[in-house]
Structure formats: C-alpha cells, structure tokens
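If you want the building blocks of each chain, they are given just below.
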Amino acid sequence: NDGEYQETVLGHSIDTTKARYLYANGKYDGCLGIFESTANMLYNPYFTSSLGSYYSVRGSVYTISIDTTNKYHSINSLKIVGTSSGAVGTDVSITTKLSCTLSTQYTVSFYAKALQSTSFSARWGYGDSSTTIVSTGWAKYSITISAGTQAYNGIFLYFNSATTVW
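How each quantity is defined
Throughout, a residue's number is its position along its own chain's written sequence, starting from 1. Reporting of local features is limited, given that this is a predicted model, to residues whose pLDDT is at least 70; pairs of side-chain atoms are given and counted only at 80 or more, and all residues count toward the totals for whole chains, interfaces and linings. Excluding hydrogens and water, the side-chain figures rest on all heavy atoms present in the structure. Here a strand is any run of E in DSSP of at least two residues, a helix any run of H or I of at least four, and the numbering for each starts at the N terminus. When accessible area is computed with a 1.4 Å probe and restricted to protein chains, residues below 20% of their type maximum are described as buried, those above 50% as exposed, and intermediate ones as partly exposed. Contacts are residue-level and defined by heavy atoms, with any inter-residue pair within 4.5 Å sufficient. For accessible areas, the Shrake-Rupley method is used with a probe of radius 1.4 Å. Any residue's cover is judged against the shown protein chains and nothing else. When DSSP finds at least two bridges between two strands, those strands are taken to pair. All axes here are fitted lines through C-alpha atoms, helices being fitted over the stretch that makes contact, and every angle between N-to-C directions spans 0 to 180 degrees. His is not counted, nor are the chain ends; Lys and Arg add positive charge and Asp and Glu add negative charge. By definition here, a salt bridge exists when the distance from a side-chain nitrogen of Lys or Arg to a carboxyl oxygen of Asp or Glu is within 4 Å. Polar contacts, as used here, are pairs of N or O atoms within 3.5 Å; protein pairs need one atom able to donate a hydrogen and one able to accept it. Residues neighboring in sequence count only if both atoms are side-chain atoms.

Peer 1: Could you give me a rundown of the overall build of the chain, with the residues and numbers involved?
Peer 2: A tally of helices and strands in the chain yields 1 helix and 14 strands. Looking at the chain as a whole, 45% of its 166 residues are labelled buried. Of all intrachain contacts in the chain linking residues separated by at least 6 positions in sequence, the fraction that spans at least 24 positions is 63%. As displayed, the chain offers around 8200 Å² of accessible surface, 49% of which is attributable to carbon and sulfur atoms.

Laid out in structure tokens, this is it:
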C-alpha cells in the first residue's frame, strides 16, 4: 500500500502514514522533502546515507554533501556550496520518484536556509524556472514549477550568488 509502511531513520521508526497525515494537516515539522499531494518524492529524504546518483551537480559551480551539523529538527541536511552564480546547465540535479506529467504545474515545498540571503531558482526537467528568496534562518518555502514538453523525473536548482544553502 502506497505510504502505509514503517521506515527507519536515524534509529527511529517513522510511520510514513502519520507523516502524510501531519503534512496534509499543516504540521510540516514531521515531514521533510519534496511532496506530490502528500507523498514525499525524494530518495533518501533524511540524508542518512550516501547521496548516490539521486543528487548530482552539472558544471563546476556547486559542491553537494550531507551535512550532519546543520540539521533541521534533528534531521541531516543537503549542503549546497556555490562558488559563484549558477544558471541553467550549471546547477544541482535532484532525481525524484515521480516522472512529471507534460505541461503540468507542481508545487514544491521544502525547508531551507542560506549563509546569506539568495535568489533560489528551480525547474522540473526542462520546464520554466520559478524563483524564491531563501533567507538566513530555517523556513518553509513553496514554489510552483511547470513541467516542460519532455518527460523527466528530476528537478534542477541553482542560486544567484556565491553562498551556501542547506
């Protein structure tokens, strides 16, 4: 059954059905990741093991790693260090569990913070980019991105300054 199973994270049993309930009822602190409806679309959303091939960079602007120091509610974070402004083609690629439906809009929600406030852009596959400003304290962000005319199961993101984003 979709989502009706236990997952072990950081030695704790996580009831994903409960996480979906919490998310659907506006209690986001119990659920991290990218959600489609109330399903988490990230692989390894708690960043407990290697990033594997699900998280990668294109170009030489960014480095990515799991950060066990800057945590959100005791959960490890994905650390993205940018040495300059990114752009389409020099970005971070995140493979998702969902392949997009062509020409469809998706709302992507995530928790993030930056070393210095920065403009943060994301796009689904080869669709249009959407942008928000990520500030220096942990906060929840939601952006609406549109899938392009090619099926793709990944999100590309970049920011417009040399900074670090978690």
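Now that the structure has been shown, the text picks up again.
Peer 1: Could you give an account of the sheet that holds strand E10 (residues 118–124), naming the residues involved and the relevant values?
Peer 2: Strand order in the open sheet formed by 5 strands is E5-E8-E13-E10-E11, and the pairing between neighbours is antiparallel. Since the sheet does not close on itself, it has two edges, and those belong to strand E5 (55–57) and strand E11 (130–134), each with one partner. The mean inter-strand angle of the sheet, taken between neighbouring strand axes irrespective of direction, is 25°. Judged from the 5 bridges that link them, E10 and E11 form a sheet pairing that is antiparallel. Along E11, the bridge assignment pairs Ser121 with Thr131.

Peer 1: Could you give an account of the side chain of Asp67, with specific residues and numbers?
Peer 2: Its location among the elements puts Asp67 in strand E6 (residues 62–72). Lys79 provides the closest opposite charge to the buried, unpaired Asp67, separated from it by 4.3 Å. Here the side chain of Asp67 touches Thr69 through a polar contact of 2.7 Å, landing on its backbone nitrogen. Excluding anything up to four places from it in sequence, Asp67 contacts Asn76, Ser77, Lys79 and Trp166.

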